[in-house]
Structure formats: C-alpha cells, structure tokens
Amino acid sequence: MKKILFAFITLSLQIILGQNGRMIIPSEISKQSLNEMQEMGLKLKTSDIYSPNKSSLNDAVIQFNGGCTGEIISPKGLILTNHHCGYGAIQAHSTFEHNYVKDGFWSKSLSEELPNPGMYVSFVRKIENVTNQVLKGVKKDMDPAIKQALINKNIKFLIKTYPKKLWQEVEIKSFFDGNQFYAFTVENYKDIRLVAAPPSSIGKFGADTDNWMWPRHSGDFSVFRIYADKNNHPAEYSPNNVPYQADTYFKINIKPKKAGDFFMIYGFPGRTQEYLPAVAVKQKVDVINPARIETRKTALDVMQNFMQKNDTIKLKYTAKFARIANYWKKWIGETQGIHKTHAIDKKKEFESYFLKQVKAKKLSPEYLSIFDRFADLYQQNKDIELARNYLIEIAYLNNDLLKRAFDLYNLEQVYQTKGKEAFKAKEKKYLPGLLNSFKNYDSKVDKALFEALMKLYVSKMPVKYRNKNIEKLDISQTADEIYSNSILNQPDKLKKLLHKKPKKFIKLLADDPGYQFARQLIQDYYLKIAPDYRNSRIQINQLQKKYMQGIMAAVDKQIFPDANGTLRISYGVIKGYEPRDAVYYFPISHVRGIIEKYKPGDYEFDVPKRLIELYEKKDYAPYSNTGEMPVDFIGTAHTTGGNSGSPAINAEGDLIGINFDRVWEGTMSDLYYDKKLSRNIMVDINYVLFIIDKFGNDKRLIEEMTIKK
Ligand code: ARG
Ligand code: GLU
C-alpha cells in the first residue's frame, strides 16, 4: 500500500511539476533537460541553442512587435511570423483596389516591400541571472513597501550601469513570482517591412470556427523583413536603410514529418500560472471565467445579429469579433479542460505532498498555514476580482463609446495633474486611436452593445461595486439619449473638441450626456475598484512569492519558471491525441482536408481557385512527393499566447514549422499542462514554401532561403 501511495505521489508530482519540455530559460538548460532532449533526438549542443558570445539560434529568433514571435530565414533579414501577427499591417496597407487581406500580397523586389510605422522586433543577445544584484541589501524582515522600493532602486541602478553597446537596451524581468531576476540585453529594430502574405482564405482558413481547434488547416504565416542602418544597427524607418545582415538564420528542412519526431519551440510565451494553489484555480474557472465568458457572449451575440443581416457591418466588425471571440473561446476550453483533467484535485494532492515535505525537511513552519491563508485571501478578493473583470469587459473592451470616454477621462486627468503641455502631448498620442475607432464602427451596433452590456452590469456587478445611480436608470432610454446626443458618438464633433483648449475641452465634456454617464463607471474604476484590487493583489502576490519559494525548497525536482514574455524554449514530439473516448486525432493535416471543409463564398471556409487547381494537379513537388500535401501538425511542446510565430525546430536546428495555436481540449495548459491533452499547433514549413512558391509564384523569396531536402 505504501508503495502504491508513494508511486501515486511521485506520479502526481510528475504531473504537476516534472513534465518534459517545460518553458526553459535558454541560458539555463540543465543537464537533465539536455539529456531528455538528446534521448528524444536532439543533435545540438546547448551553446548552439543559446550563447552570448557566438552566433547561436537565439540570434535567429525575435520578439515580433511586442506580442508575437518571429524567426530569421535568410542572410538578408527575412522574417517569418504568423498571418494573425502580421494582420494589422496587412490590413493597414489594404485599400479597396489593393485588398491584401483578401487577395494576399507578394512584393516583387525590395523596393516594393512596405514599411510599417511603429512596428518593431527585438533580438535577445544575452541573458544573465542578476538576482543577487537586484536583492542587494534586501532583508527578510523588511517592511514590504520598503523592500519593494529597494528592489526598484537596485533595478534602476543596474539598468543604468549594465555593460552594453550603444544600440542595445537592457531589461530586467522577475522570475518565480519575484524570487529571481534576469537581465536581458536586447536590440530593437524599428524598420520592419511587409514582404508577403497569403490571402486570408489561406492565412486564416477556418477563422473563428476552427480557432483553438484541431484538425486545423490554416496557412497562418506572413513574411516581413528587418531593415537597418548602414552599420547594420537599429534605425527608425528611412528609405536609405538596407536589409539587415543576419549572421544567423534558420535553414529550412522539408523532409517529410512523422509522429514521434522531436521538435523544439523557441519564442516568447506571454503568461502562464502553473504554481497557483488549488483555490486560485477554482476561483478562475468557477467565478472569473464564467463572468468573462457571459459578458463576451452577450457582446458576440449582439454583433453576430447585425453581421448576419448586413454585409457592411460584417466587414467592419469581423476583426473586432475575432478578437473578442478568441479569448471567449479560450476561456471555455480552459474551464472544461480543468474539470476534465481533475486539475484542482491534482493541485490539492500536490499541496498535501508539499506540506509533508515541509515537515520532513523542517522548512519554515510558516508554510504549514499557507493554504489557509490562500483560502482567506481568495475568499476576500472574490468581489473585487469580479468587479474589475466586469468593468473592464463591459466599459472598456466591448463597447467603443465607453472606451472613448476612458481615453478622454485619462486625458482630463493628465491636464488636472500635470498641466497643459503634458495634456497636449497625451492628446497627440490619443488622437489617432480615438478617430480611428470610428473607422470600423457602427453606431447602431455599439448602442445595442451598450444596452445589452449595461443590463448585464446592473444585474451582475457585485453589489458593493455597483453604481447606485446607474442602477436606477432605464438603460434603454439612457442609451437612446446618449447615442443621439453625445459627442462620443460623433467623429466630427469629437475631432473639434480635441482641438480646443484644455479648459474648454473639459467644460464641453462635462456637459456631454455620454461622458457624464461613463464618468461614473470610470470613477468607480479608478477610485474604488483599482485601489482595492491593488491592495488585494499585493497580499496575494506576496503569499504566492512565499509559496514559490517553498516549492523550490520542498521539491527535489527541476522547476521551470512561469512564462513572463521572455525568451524560452520548450520541446516535444509530433503526436496526436485522444480528445474523447474512442476518438483519436492524427497529428498531421493535409490539403485534402481543406477541400473537405471548402464552402464556396463562406467567409471562413472559402478556398482560392488557384489552390484548388494545385490540389487537383497534385502539383506539390518538391515540398511533397507523396501526392499528399501536409498543412498543419501538432505536438507536445508547452506553449502559450506570445508563442505565435515561434519557429518549430528539428533535432539539427532547422526550421520545420511555425507555431500558431493550441488544441481546444488542452487550452488549460496555462494553469495545468496535461501530457495527454495539451498540444501546440504549427503550420508545416513545407506548406508555407508551397504557398509562397506555387501559389504566390514568389521565386524571389524561395531563392533567398536555404532549403534542405
Ligand atoms: N487562437 C490563436 C491565438 O490565440 C489565434 C488567434 C487568431 N485567430 C482568430 N481567429 N482570432 O491567439
Ligand atoms: N495564437 C496565440 C498567440 O497569438 C498562440 C496560441 C496559444 O495561446 O497557444 O500567441
């Protein structure tokens, strides 16, 4: 019995902590991880993967425009990333005559590559553990506020004094919930040009219906290029800039793939929370997710209703709909996955094991009450978490008019606290966004959203944070009045308002019915909800930091830090999965499947004629010689948002695919990674090249790459 129990505990420990291929800091690849990767097939040395001194794969991986990843695939700075990562740029260059979203874009020469103001990519040249420097002078029993101030001071000092080249920057990030710190030496290139993109019917094939799903068939890629000054250093856009010369870039390997093949994902995962206590996970899936799902469902239903009946509205709202639907769908999948895998029970098992270890190793007795304290804090913070989520979803993320009010309120505050010059500077920053918000806007839709969401607000907002004035209003009548009279619904008037002197601006706003209404919600947010939230977070974060410290001391196993937007590797094998009883999903999809899903004229499942022709002729060589063209594939690497666009790399370090999503049944992996169900989705590089070459007829790009057969 003992033996079984022991086996069970190590098993659950394995499940919680010891999974293969977690998100590893590239400068910290342990012997154990390396061995594991080598057993799975890896041929590279750790210094091939990351090195601060010589060219290594980290020099070919970039953070793309802050939120995605990309990879360098030629000595002339050519980049691959996802179509959904380049979408904003592709859309911005599209006009009625040149609709690159719909028809795709294939530049024919360097001079046809299109600049994208504001876009940037970052290389990570060096990673260093600087925990000792950051925690210098920090004493255990210090007052938390003083401690934090000292840490901030140390970080500031370190950034100022850290050795770096003129064109480099240094960032310091916290790991393991504030227990460790690393410095990243980065180079931010700012002249990034659009080179090529497939039509949406390829790049976004399956759109929202297939999003977060397997089997999948989208060619989710786009092509950009980095430009640099003549010293190959970062520079603002200039027609005189030249293609970035890359010492390191990915060779592309088009050998056919099969189940069991090793691969590595190298990129910038945004956020995971794998070390939360069971109560926190329970709150997320029982309280927070349902609230957010309901709010977004309300908004999506309203939009869909209009979109179905009116093509102009559909065009305007497609991107907005996709953005809102993306996480709506993710949260549903995540909630289901947590239940299905009994993740909360497994977390509880781990917690008992943790307490046993604390006793056995005679660690601080403080740990013995840690779960009771978590339980108290998560009990106390329930309303505040809910209130914050409802308010942000209702008054900021899902209604344009109210979001405008938020921006204007911030502008007003800048004037009140910092004066006229700061106001003008901020106004300049906000103006394009504010006016742009009318571009894909329909006043009827926004009004319907307002009504539906404010009704939800009145019934669902926790009483403590619900606005007593708004509660008494007739929402429909209020909506009528606001949408007929408010400046917030009139672009021309709003533009005029923004050119007034600050005092006049504030006076006019004060008289506006839309702003008067919104201001109540906004003040609730800034004056009540945000401060309460901050206080509650400080306590929870402190306890989480303590718990993390405890885990690191109690558990004799390698522990990997949660994703925090920094460069990581994770690894796995190409592998299918069993989504439910008696169903098995194979790990590779094919063009045949695109044809199976084809719905002529449909906005999600239409297929370009040229692709159908290529399919009928089986014109796939050299990217496939079997008569079947692969499209996407899945594997066991642990990834999250931000890994979009990450290179999938084979055992020799060649590029074999581009990461772009996860499977529905495994989306709980941000909280709990399940070996059986969690899979990342990649587009096969063979399909990417096939589309560039045979569909786009873009030999220029093919010739620029190094392709291994
Ligand atoms: N689910 C993928 C990622 O999170 C792709 C999102 C873009 N596609 C979409 N249909 N919204 O973020
Ligand atoms: N599509 C996601 C992104 O944009 C990656 C998918 C995921 O969350 O795993 O980063």
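The preceding data block contains the structure.
It should be emphasised that the depicted structure is a prediction, and the values quoted were computed from it without experimental measurement. (Residues numbered from 1 in each chain as written. Chains lettered and ligands numbered in written order. Predicted model: local features only at pLDDT ≥ 70, side-chain atom pairs only at ≥ 80, totals over all residues. Heavy atoms only, no water.)

Caption draft 1: Inspection of helix α15 (residues 400–418) at higher detail. An ideal rise of 1.5 Å per residue puts 27 Å on 19 residues; α15 measures up with 27 Å between its terminal C-alpha atoms. For α15, a buried count of 14 out of 19 residues is recorded, marking the element as mostly surrounded by other parts of the structure. N-capping of α15 is provided by N399, with a side-chain oxygen placed 3.2 Å from the backbone N of L401. Downstream of α15 by one or two residues, G419 has phi in the positive range, about 95°. (Helix = DSSP H or I, 4+ residues; strand = E, 2+ residues; numbered from the N terminus. Expected span 1.5 Å × (residues − 1). Buried < 20%, exposed > 50% of the residue type's maximum accessible area, 1.4 Å probe, protein only. Polar contact = N/O pair within 3.5 Å; in protein donor to acceptor, adjacent residues only side chain to side chain.)

Caption draft 2: Inspection of the site of ligand 2 at higher detail. With respect to spatial proximity, the complete set of residues near ligand 2 consists of H84, W212, T640, G641, G642, N643, S644, F660, D661 and R662. Within the backbone of G642, an N or O atom sits 2.6 Å from an oxygen atom of ligand 2. Of the residues forming the shell around ligand 2, the biggest block, 3 residues, is contributed by strand β20 (residues 655–662). Looking at the shell around ligand 2 residue by residue, the class counts come to 2 nonpolar, 6 polar and 2 charged. (Near = heavy atom within 4 Å. Nonpolar A, V, L, I, M, F, W, Y, C, P; charged D, E, K, R; others polar.)

Caption draft 3: A look at the pattern of salt bridges. Within the structure shown, the criterion is met by 40 salt bridges. Note that E274 and R22 form a salt bridge whose closest N and O atoms lie 2.6 Å from each other. Within this pair, whereas E274 is found in the loop between β13 (262–267) and α10 (278–309), its partner R22 is found in the loop between α1 (2–16) and α2 (31–40), the two being separated by 252 residues in sequence. Comparing E274 with R22 shows no difference in burial state: the two are buried. Between K460 and E294 there is a salt bridge; the shortest N-O distance is 2.8 Å. Taken together, the positions of K460 in helix α17 (residues 443–460) and E294 in helix α10 put the pair 166 residues apart, joining distant regions of the chain. Taking relative accessible area as the criterion, K460 reaches 33% and is therefore assigned partly exposed. Each of K284, K330, E334, R662 and D670 takes part in a single network of salt bridges with overlapping partners. (Salt bridge = Lys/Arg side-chain N within 4 Å of Asp/Glu carboxyl O.)

Caption draft 4: Representation of the pairing of strand β14 (residues 568–573). Among the 6 residues of β14, 6 are classified as buried, and the element is accordingly described as predominantly covered. The alternating pattern of β14 places R568, S570 and G572 and I569, Y571 and V573 on opposite faces, both of which are buried. Relative to β14, β13 is paired through 6 bridges, and the arrangement is antiparallel. By the bridge assignment for β14, F262 is matched with V573. (Pairing = 2+ DSSP bridges.)

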